[in-house]
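# A look at the structure
This is what each chain is made of:
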Amino acid sequence: KRSTIANYLRLLTLPEIIQGGLRQTKITMGHAKVILSLTEVEQQLWLYNKVLRESLTVREAESVIQKEKVNLTVIYMTLLLLNYKKEQSLKKMKVD
């Protein structure tokens, strides 16, 4: 199947240590797919180590990512709001 081949090829983009963990069955293919959903190598390694440390299931790993995405969204929105307030303050200073 094309999808199976595509998934195996995607696994080759993981950092070598994670590929090794998959080969040594420290993690499953499901874990690897979840790790692949993260784009940054640092994030992938962080999740890989968390899965190993805490013996997370695939669903638990997915849950961790969802919680982190929510946290990152809150941080991002807060930064946008602070930037907006700063811009408004600067505009007010220019008017005065």
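For the structure itself, consult the block above.
Everything numeric here is computed off the predicted structure, so don't read it as measured data.

Conventions we followed
All residue numbers here refer to positions counted from 1 along the written sequence of the relevant chain. Reporting of local features is limited, given that this is a predicted model, to residues whose pLDDT is at least 70; pairs of side-chain atoms are given and counted only at 80 or more, and all residues count toward the totals for whole chains, interfaces and linings. Each side-chain value is worked out from all heavy atoms of the structure, with water and hydrogens disregarded. Each salt bridge in this description consists of a side-chain nitrogen of Lys or Arg and a carboxyl oxygen of Asp or Glu lying within 4 Å of one another. A helix here means a DSSP run of H or I that spans at least four residues, while a strand means a run of E at least two residues long, and both kinds are numbered starting from the N terminus. Think of it in three bands: residues with accessible area under 20% of the maximum for their type are buried, residues over 50% are exposed, and the middle band is partly exposed, with areas taken using a 1.4 Å probe on protein chains only. Any pair of residues with heavy atoms lying within 4.5 Å of one another is described as a contacting pair.

## Some words on the pattern of salt bridges
For the structure shown, the criterion picks out 2 salt bridges. Taking the shortest distance from any N to any O, the salt bridge between Arg-23 and Glu-16 comes out at 2.7 Å. Between Lys-50 and Glu-54 there is a salt bridge, with the nearest N and O atoms lying 2.8 Å from each other. Taken together, the residues Lys-50 and Glu-54, both in helix H4 (residues 41–54) and 4 residues apart, mark about one turn of the helix. Exposure remark for Lys-50: the relative accessible area of 16% places this residue in the buried category.

## Some words on the side chain of Gln-19
Topologically, Gln-19 is positioned in helix H2 (residues 16–23). A residue is classified by how much of its surface remains accessible, and Gln-19, at 13% relative accessible area, is buried. Among all residues touching Gln-19, those that are not within four sequence positions of it are Leu-11, Leu-12, Thr-13 and Leu-14.

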